[in-house]
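Observations on the three-dimensional arrangement
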Amino acid sequence: NAGVMQNPRHLVRRRGQEARLRCSPVKGHSHVYWYRQLPEEGLKFMVYLQKENIIDESGMPKERFSAEFPKEGPSILRIQQVVRGDSAAYFCASSPGYRDEQYFGPGTRLTVT
Amino acid sequence: DQQVKQNSPSLSVQEGRISILNCDYTNSMFDYFLWYKKYPAEGPTFLISISSIKDKNEDGRFTVFLNKSAKHLSLHIVPSQPGDSAVYFCAASEPLSGTYKYIFGTGTRLKVLA
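Source: prediction; values computed, not measured.

Rules and cut-offs
Per chain, residue numbering runs from 1 following the sequence as it is written. Starting at A for chains and at 1 for ligands, labels are handed out in the order in which the entities are written. This being a predicted model, a pLDDT of at least 70 is required before a residue's local features are given, and a value of 80 or more before pairs of side-chain atoms are given or counted; all residues contribute to the totals for chains, interfaces and linings. Each side-chain value is derived from all of the structure's non-hydrogen atoms; neither hydrogens nor water enter the calculation. Strands here mean DSSP runs of E at least two residues long; helices mean DSSP runs of H or I at least four residues long; both are numbered from the N terminus. The globule rule used here is 2.2 Å times the number of residues to the 0.38 power, and the radius of gyration it is set against is calculated over C-alpha atoms. The buried label goes to any residue with under 20% of its type's maximum accessible area, the exposed label to any with over 50%, and the partly exposed label to all in between, with areas taken from a 1.4 Å probe on protein chains only. Any two residues having at least one pair of non-hydrogen atoms within 4.5 Å are treated as being in contact. The protein chains shown are the only cover counted for residues, whose accessible areas, like all others here, come from Shrake-Rupley with a 1.4 Å probe. Charge assignment: positive for Lys and Arg, negative for Asp and Glu; neither His nor the chain ends contribute. For charged residues, the charge sits on one atom: NZ in Lys, CZ in Arg, CG in Asp, CD in Glu. Two strands pair under a simple rule: DSSP has to find at least two bridges between them. With axes taken as lines fitted to C-alpha atoms, and helix axes fitted only over the stretch in contact, angles between N-to-C directions fall between 0 and 180 degrees. Every case where a carboxyl oxygen of Asp or Glu lies within 4 Å of a side-chain nitrogen of Lys or Arg is listed as a salt bridge. Excluding any residue in a salt bridge, patches collect residues exceeding 30% relative accessible area, merging like charges within 9 Å and nonpolar Val, Leu, Ile, Met, Phe, Trp and Tyr side chains within 5 Å. Stacked, tilted and edge-to-face pairs are distinguished by plane angle, under 30 degrees for stacked and over 60 for edge-to-face with tilted covering the rest, among Phe, Tyr and Trp rings (Trp via its six-membered ring) whose centres lie within 6.5 Å.

**What about the overall build of chain A?**
The secondary structure content of chain A amounts to zero helices and eleven strands. The order of α-helices and β-strands along chain A, N terminus first, is β-β-β-β-β-β-β-β-β-β-β. Its C-alpha atoms give chain A a radius of gyration of 13 Å, within 12% of the compact-globule value 13 Å for 113 residues. Counting across all 113 residues of chain A, residues that qualify as buried make up 45%. Considering only contacts in chain A between residues 6 or more positions apart, those separated by 24 or more positions represent 52%. Carbon and sulfur atoms make up 46% of the accessible area of chain A, which amounts to about 5,800 Å² in all. The average position of the 17 basic charges and that of the 12 acidic charges among the side chains of chain A differ by 7 Å.

In structure tokens, the structure reads:
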């Protein structure tokens, strides 16, 4: 009974490159959330998706960041033209319904050099 | 604007004693609260939750208390065990947002001393 899977676990990118973070939710979960944790801070909501739909992207920076959750395959968080300030741990969470507890993956630690 | 605050960044407790972790919030529309535990290099793990219609919820060694008038909740762990050493985050969700996204506090690092 696999939990939320994220890959890669660690990602190093140079400034200006693209970062793609993948999240496979718990089997049967159709709600996916992305959070970002900066050093010494709590987790900050970025985006909430259901299959093929972005429901709430109020926490997503307006530029360079995008997310998708296609009908088939994992959810993807994409960061274009990364900058040093994007270095953080990115966590994905899934839930079976919009009011249910969210189950978190192990996170992807992005380092921008 | 930090809507969920955990003012104690760290706490040390002797094994077998009670650990009390505190959390304050500012948004009176929050109606659901949760506690997560996080070990290094892992994702947060759900511990316990409480709805705003209750003032207490218990699960084994963990009890969460909610004081709506004070906009305060606390997590009690008794007895504390060395394996409880982790960072604890409280989180809240607001129905008016329509998405039940979680607003997290900054965490309290608990160290249980053997």
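**Some thoughts on the sheet that holds strand β3 (residues 19-24) of chain A**
Residues and elements named next belong to chain A. Taken together, four strands build an open sheet; the order of strands is β1-β3-β8-β7 and the sheet is antiparallel. The sheet is open, and its two borders are formed by β1 (5-7) and β7 (65-68), each paired with just one other strand. Each strand of the sheet is rotated relative to its neighbour by a mean of 15 degrees, with strand direction disregarded. The pairing of β1 with β3 spans three bridges and is classified as antiparallel. Following the sheet pairing, Asn7 is matched in β3 by Arg22.

**Quick notes on the pattern of salt bridges**
Here the structure, examined in full by the defined rule, presents six salt bridges over all chains. Linking Glu18 of chain A and Arg78 of chain A is a salt bridge whose minimum nitrogen-to-oxygen distance equals 2.9 Å. Of the two residues, Glu18 of chain A is situated in the loop between β2 (10-13) and β3 and Arg78 of chain A in strand β8 (residues 75-79); the sequence distance between them amounts to 60 residues. Among the salt bridges present, the one from Lys56 of chain B reaches Glu58 of chain B, with a minimum N-O distance of 3.7 Å. Accessibility expressed as a relative area gives 42% for Lys56 of chain B, which makes it partly exposed.

**Focus: the environment of Leu49 of chain A**
All names here are of chain A. With respect to the helices and strands, Leu49 occurs in strand β5 (residues 43-50). Note: C-alpha distance between Leu49 and Val4 (45 residues apart in sequence) is 15 Å. In this structure, Leu49 is in contact with Ser30, His31, Val32, Trp34, Ile54, Ile55, Ala67, Glu68, Phe69 and Ser75, ignoring residues within four places of it in sequence.

**Topic: a nonpolar patch on the surface**
Residues Ile18, Ile20 and Val78 of chain B make up a contiguous nonpolar surface patch of about 230 Å² in total accessible area. Turning to its location among the elements, Val78 of chain B is positioned in the loop between β8 (72-77) and β9 (86-93).

**Looking at the environment of Leu110 of chain B**
Residue and element names in this part refer to chain B. Topologically, Leu110 is positioned in strand β11 (residues 108-113). In this structure Leu110 comes out as buried when scored by relative accessible area, which is 2%. Leu110 sits 28 residues away from Pro82 along the chain, and the two C-alpha atoms are 9.7 Å apart. Leaving out residues up to four positions away in the same chain, Leu110 has contacts with Leu11, Val13, Ser19, Ile77, Asp84, Ser85, Ala86 and Tyr88.

**What to know about the sheet that holds strand β3 (residues 19-25) of chain B**
Residue and element names in this part refer to chain B. Pairing is antiparallel across the open sheet formed by five strands, whose spatial order is β1-β3-β8-β7-β6. Only two strands of the sheet have a single partner each, and these edge strands are β1 (4-5) and β6 (56-59). The pairing of strand β7 (residues 62-67) with β8 spans six bridges and is antiparallel. Directly across from Thr63, in β8, lies its bridge partner His76.

**A few points about the packing of aromatic side chains**
Overall, the coordinates contain 15 aromatic pairs over all chains when judged by the stated rule. Ring plane angle 85 degrees and centroid distance 6.3 Å describe the contact between Phe89 of chain B and Phe104 of chain B, whose orientation is recorded as edge-to-face. Of the two residues, Phe89 of chain B sits in strand β9 while Phe104 of chain B sits in strand β10 (residues 102-104), which places them 15 residues apart along the sequence. Residue classification places Phe89 of chain B among the buried positions, given a relative accessible area of 2%. Here a set of aromatic residues connected by ring pairs shows up, and it is made of Tyr33, Tyr35, Phe45, Tyr48 and Phe104 of chain A together with Tyr36, Phe46, Phe89, Tyr102 and Phe104 of chain B.

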